[in-house]
Amino acid sequence: MNDFADWLSPIVVKELRQGMRSRAFVSIFLLLQTFMIFCVLSALGDESRNGASAFFWAVIGITLLLGIPARGTFSVASEIKGNTMELLLLTQLSAWRIIAGKWAALFLQSLLLACSVLPYVVLRYFYGGVDLASELMTLGSILAINALLTALAVGISPYQRSAIGRIFIALGSVAMIQIVPAVLVGAGIMGRSSTLFSSPGYLMLLAVALIAPILLLEFLEFGIAGVAPMGENHSTRKRLLALTGVAAAAALAAFSGHREFFATLAALQAAPICLIALMEKNHPIPSLYGPVWPFPRPSRIARFAGKFLYPGWTSAIPFSLLIIVAVVAISPFRFDTLQGNFYLCCLLGSVFLPLALLRVINLKKAVFPFFIAFQGFCFVLAAVLAGTLPDQTNFSPSMLLPTTGFLVSLWRSGDFRTVLPESIVLGLLMVLISLATLLVFSVREWRAIAELERKAGAME
Amino acid sequence: MNQPLVEVCDLCRTFGNIEAVNHLSFTIQRGQVVGFIGANGAGKTTTMRMMATLEMPTSGSIRIGGYDVVNHPNKVRRLIGWMPDAYGTYDNMTVVEYLDFYARAFGFKKADRVQRVEEVMDFANLRGLSDRAINKLSKGMAQRLCLGRTLLHDPDLLILDEPAAGLDPKARIEFKHLVRLLADEGKTLFISSHILSELGEMCDTLLFIDAGRVVHHGSSDSLLRERREDAPFSIVEVRLAGGEEARTALLNWAPLQPGTSIVEATREGARLRLEPDTPAAMAALLRKMVQDGIAVAEFRREDRKLEDAFVEILGRKEASTPPPLPSL
């Protein structure tokens, strides 16, 4: 019972005890060692060493970038299937500690596998003449990507028990995330898409240091939302995370002067959190509407912060608008360009129109699939329209966002690039109608939240 | 009077158009062992899950130890031990590792953790199994392990959903023994089961529900008494010495006797319903039977069973419910 220290998370202890004994891990470990021996022996006899080196990294890459993340997709699903997740939630472990523990245990196993190949790296240095520093850098990079992929795998694990479902969720998430850069490119916020990659080296490093941990935490938060009991507030933490990311991006933009670059990063990290927040349900549980961090006691400021940070779609509207305003403020966006205004309308319309429809039809389940399906429907519609046009050479990234004025513009002007002023008016009108609809529906919710705030205050 | 440990008030839970729990209200005092009985789909598990903070009530409230399960789920979780019908164990883990994991998850540290795991293993008679892999345990052993896990944080209230389902007779006897020990320690137990006779032996109070509503709340004795007052007849089992001929004679004879009717024909005789339920009436029937040449080998008044009482309560409820109006 004392083989693991008390300070280690119980989930890490359990997962390590279980995981290290599992057939999957033992098989991966033995196969990796066998391939490593084979690689080193081949490198000794290979003059050029290129083939052996490629094989060496392919084996490590497959193990750490496919094998371990694949195990991650079962980590929470197996708890749900085995009826043990609820038992875990009835202990003193929060959903955050459960999900983070699952990820940490898998990452520790990856570290163990990475450490087990170090002797072969050293052998390659002595007998294969490779550059040790660059080999270690490559291994470190693979581990960093492994950390992110494993977090993504653990994050999607609670949602679908079938492999197809998990793939659908992963593709849907990617589709949602890729909407943002498409619009940013179109709107001129990001400028050319190559900016990100032609930036100075230190900027790339800063960008990775900023976005990688935030993305990792966001992936894990996605999983937490799938298992947390209704009474557990996992939303405020996510929103604070997004705000921290935006604030860090703003500071770096001010410091470096690369406003479009850091505006893109801020949008990329905050977009999934905004979308998830906008699709959250409002639960009538008073404890969720107590003072939010960093305000320990009920006060006017705490209640004001709650208007942005309380769980549920109602507070997600002001929160998302705040994020959008912040991103636009960081970016060198100019409102006097026809194209930029038009694409901004498209972005807002793509988000708020399906959400307004959700409220109108009062859909309570399958909200996320509805959102994805709506975007897919619009995409297909645009593709069909595009197929009828005589000039099909000009592709625009805004094709991914054809929800509002874009379709009209496409229909009237007959190409992808020309933006008509009435399209902007129509797009803006659509955004305003969508927002107004959401606000009308949220009035009743805000009244209920005020009552819940009062109850939460009484409970304090 | 002490405040009840559990107060369920006007509890409702709907799933779409289905009302799983329908205005359910009851209380449980500290130290009581309460049997929770109902047919499949009566709302037992839903109610228990709401008590265990795993399900949100649609309306109504549940307070455990004075805490509302919706507003203070974490405080309630410290007071309850939940054992679902699907036990929930892990492969690739030994008995002691399983309990050690949950002890860590409940916040036990160092020596306290080791001591608590050992206490629970002693209580649940798991000492000899400590290093055995969980997937090598019998169902009875796994059930004892899960009961042990439920007890780790020393909860005031144990909520056990169908704990005896699928156990062999030996494991059932062991389980009943453990329940008795827990009751002696002053724990409050809320147990659901289909095996009414066992619940009758184990529990102080029985709570019958049907279609999400309480149909009886009281001790098993009070239930049987109530039935006796409501139904002034007895069931008599008659076994005959002769063969098929004697059986036919009894079946022809019984309906002709005043206050007597046939409940069912058995392989060796019949079960008869006799009214009124008095010793004199029974003696008169037996005397008449012998006088008329029925070859009686055994004449026995059946004990009343909880199962019969339950079925009767449900029958009464259905009879008192007006039939739905025919649609035009």
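Along each chain, numbering runs from 1 in the same order as the chain's sequence is written. Chains and ligands are labelled sequentially in the order written, the chains with letters from A and the ligands with numbers from 1. In view of the model being predicted, local features appear only for residues whose pLDDT reaches at least 70, and side-chain atom pairs are presented and counted only at 80 or more, with totals across whole chains, interfaces and linings using the full set of residues. Hydrogens and water are ignored here; the side-chain numbers use all heavy atoms of the structure.

Side note on the overall build of chain A
- When helices and strands are counted, chain A shows 17 helices and zero strands.
- Across the 460 residues of chain A, 52% fall into the buried class.
- Contacts are residue-level and defined by heavy atoms, with any inter-residue pair within 4.5 Å sufficient. By sequence separation, contacts in chain A at least 24 residues apart represent 75% of the contacts at least 6 residues apart.
- Only the protein chains shown count as cover for residues, and all accessible areas are computed by the Shrake-Rupley method using a 1.4 Å probe. For chain A, the accessible surface area stands at approximately 20,800 Å², while carbon and sulfur atoms represent 71% of it. Secondary structure elements are defined from DSSP: runs of H or I of at least 4 residues count as helices, runs of E of at least 2 residues count as strands, and each element is numbered from the N terminus. Think of it in three bands: residues with accessible area under 20% of the maximum for their type are buried, residues over 50% are exposed, and the middle band is partly exposed, with areas taken using a 1.4 Å probe on protein chains only.

Considerations on the overall build of chain B
- A tally of helices and strands in chain B yields eleven helices and 14 strands.
- Reported as C-alpha extents along the three principal axes, the dimensions of chain B are approximately 80 × 55 × 45 Å.
- The burial tally for chain B puts 51% of its 328 residues in the buried class.
- Residue pairs at least 24 apart in sequence account for 68% of intrachain contacts in chain B once pairs closer than 6 positions are excluded.
- As displayed, chain B has an accessible area near 15,400 Å², and 50% of this comes from carbon and sulfur atoms.
- Separation of charge centres in chain B, based on 41 positive and 45 negative side chains, amounts to 3 Å. Note that His is not counted, nor are the chain ends; the positive residues are Lys and Arg, and the negative ones are Asp and Glu. To locate a charge, the coordinates of NZ of Lys, CZ of Arg, CG of Asp or CD of Glu are taken.

Regarding the environment of A277(A)
Residue and element names in this part refer to chain A.
- Along the chain, A277 falls in helix α11 (residues 259-278).
- We classify A277 as buried; its relative accessible area is 2%.
- On a C-alpha basis, the gap between A277 and Y310 in space is 9.8 Å, while along the polypeptide they are 33 residues apart.
- With residues up to four places along the chain from it excluded, the contact list for A277 reads R239, G312, W313 and A316.

What about the confidence of the model for chain A?
Residues and elements named next belong to chain A.
- A residue's pLDDT is the predictor's confidence in that residue, given on a scale from 0 to 100. Per-residue confidence for chain A averages 79 on the pLDDT scale, and 79% of its residues sit at or above 70.
- The least confident element of chain A is helix α16 (residues 405-413), whose mean pLDDT is 50; the most confident is helix α13 (residues 313-330), at 92.
- In this model residues 189-194 is a low-confidence stretch, pLDDT under 50, and it forms 14 contacts with partners more than four residues away in sequence or in other chains.
- Counting contacts from residues 397-405, a segment whose pLDDT is below 50, to residues more than four positions away or on other chains yields 39 contacts.

With respect to the confidence of the model for chain B
Residues and elements named next belong to chain B.
- Scored by pLDDT, chain B has a mean of 84; 91% of the residues are at 70 or more.
- Counting contacts from residues 323-328, a segment whose pLDDT is below 50, to residues more than four positions away or on other chains yields zero contacts.
- Prediction confidence for the complex, expressed as pTM and ipTM, is 0.78 and 0.77 respectively.

Some words on the interface of chain B and chain A
- Counting residues at the interface gives 37 residues for chain B and 31 residues for chain A.
- A quick way to say it: buried area is the sum, across both parts, of accessible area lost when two parts are put together, with a 1.4 Å probe. Summed over both partners, the interface of chain B with chain A buries about 3,100 Å², with 60% contributed by carbon and sulfur atoms.
- When residues of chain B are sorted by the area they lose upon contact with chain A, R77(B), N92(B) and R104(B) head the list and together hold 20% of the total.
- The salt bridge definition used is simple: a Lys or Arg side-chain nitrogen within 4 Å of an Asp or Glu carboxyl oxygen. If you look at where chain B meets chain A, you find four salt bridges.
- In this structure, the salt-bridge partner of D100(B) is R17(A), at a minimum N-O distance of 2.9 Å.
- Of all the secondary-structure elements, those providing two or more residues to the side of chain B that touches chain A are α2 (73-79), α3 (95-105) and α4 (110-123) of chain B.
- Among the elements that line the side of chain B that touches chain A, the one with the most residues is α3(B), at seven residues.

Concerning the side chain of S193(B)
- Looking at the element boundaries, S193(B) is found in the loop between β8 (188-192) and α7 (196-202).
- Setting aside its immediate chain neighbours within four residues, S193(B) contacts F36(B), I37(B), E162(B) and L199(B).

Quick notes on the side chain of R239(A)
Residues and elements named next belong to chain A.
- Here R239 shows up in helix α10 (residues 235-256).
- R239 gets classed as buried once you look at its relative accessible area, which sits at 0%.
- Polar contacts, as used here, are pairs of N or O atoms within 3.5 Å; protein pairs need one atom able to donate a hydrogen and one able to accept it. Residues neighboring in sequence count only if both atoms are side-chain atoms. Among the polar contacts listed, one links the side chain of R239 to the backbone oxygen of F308, at a separation of 3.0 Å.
- In this structure R239 touches I273, A277, E280, F308, L309, Y310, P311, G312, S315, A316 and F319, once residues within four positions along its chain are discounted.

Some remarks on helix α10 (residues 279-291) of chain B
Residue and element names in this part refer to chain B.
- Across its 13 residues, α10 extends 18 Å between first and last C-alpha, which sits within 8% of the 18 Å expected from 1.5 Å per residue.
- Taken together, the buried positions of α10 are occupied by A281, M282, L285 and M289. Considered in projection along α10, the buried side chains sweep an arc of 100° and stay on one side of the axis. Facing away from the buried side of α10 by over 90 degrees, the exposed positions are P279, A280, R287, V290 and Q291. A helix is expected to reach a length of 1.5 Å times the quantity of its residues less one. To obtain the arc, one takes the directions from the helix axis to the C-beta atoms.

Details of helix α6 (residues 169-184) of chain B
Residues and elements named next belong to chain B.
- Here α6 contains 16 residues, and its C-alpha end-to-end distance of 23 Å stays within 8% of the 22 Å for a straight helix at 1.5 Å per residue.
- Among the residues making up α6, those that are buried are A171, F175, K176, L178, V179 and L182. Looking straight down α6, one finds its buried side chains confined to an arc of 160°; they lie on one side. Relative to its buried face, α6 has exposed residues pointing more than 90 degrees away, namely P169, K170, I173 and D184.
- Buried residues along α6 sit against β3 (33-38), α4, α5 (139-151), β7 (157-161), β8 and α7.
- At the exit of α6 stands G186, carrying a positive phi of roughly 90°.

As for the sheet that holds strand β9 (residues 205-210) of chain B
Residue and element names in this part refer to chain B.
- If DSSP finds at least two bridges between two strands, the strands pair. In space, the six strands of this open sheet follow the order β6-β7-β8-β3-β9-β10, with mixed pairing throughout. Each having just a single partner strand, β6 (80-83) and β10 (213-218) make up the two edges of the open sheet. Across the sheet, the mean angle from the axis of one strand to that of its neighbour is 15°, orientation sign disregarded.
- Across four bridges, β3 lies against β8 in parallel orientation. Bridging across to β8, G35 finds its partner in I191.
- Set on the sheet, helix α1 (residues 44-51) makes contact with β3, β6, β7, β8 and β9; between it and β7 the angle comes to about 150°.
- The convention used is that axes are lines fitted to C-alpha atoms, helices contributing only their stretch in contact, and that angles between N-to-C directions extend from 0 to 180 degrees. Here α5 sits on the sheet and contacts β6 and β7; the angle it forms with β6, its principal contact strand, is near 160°.

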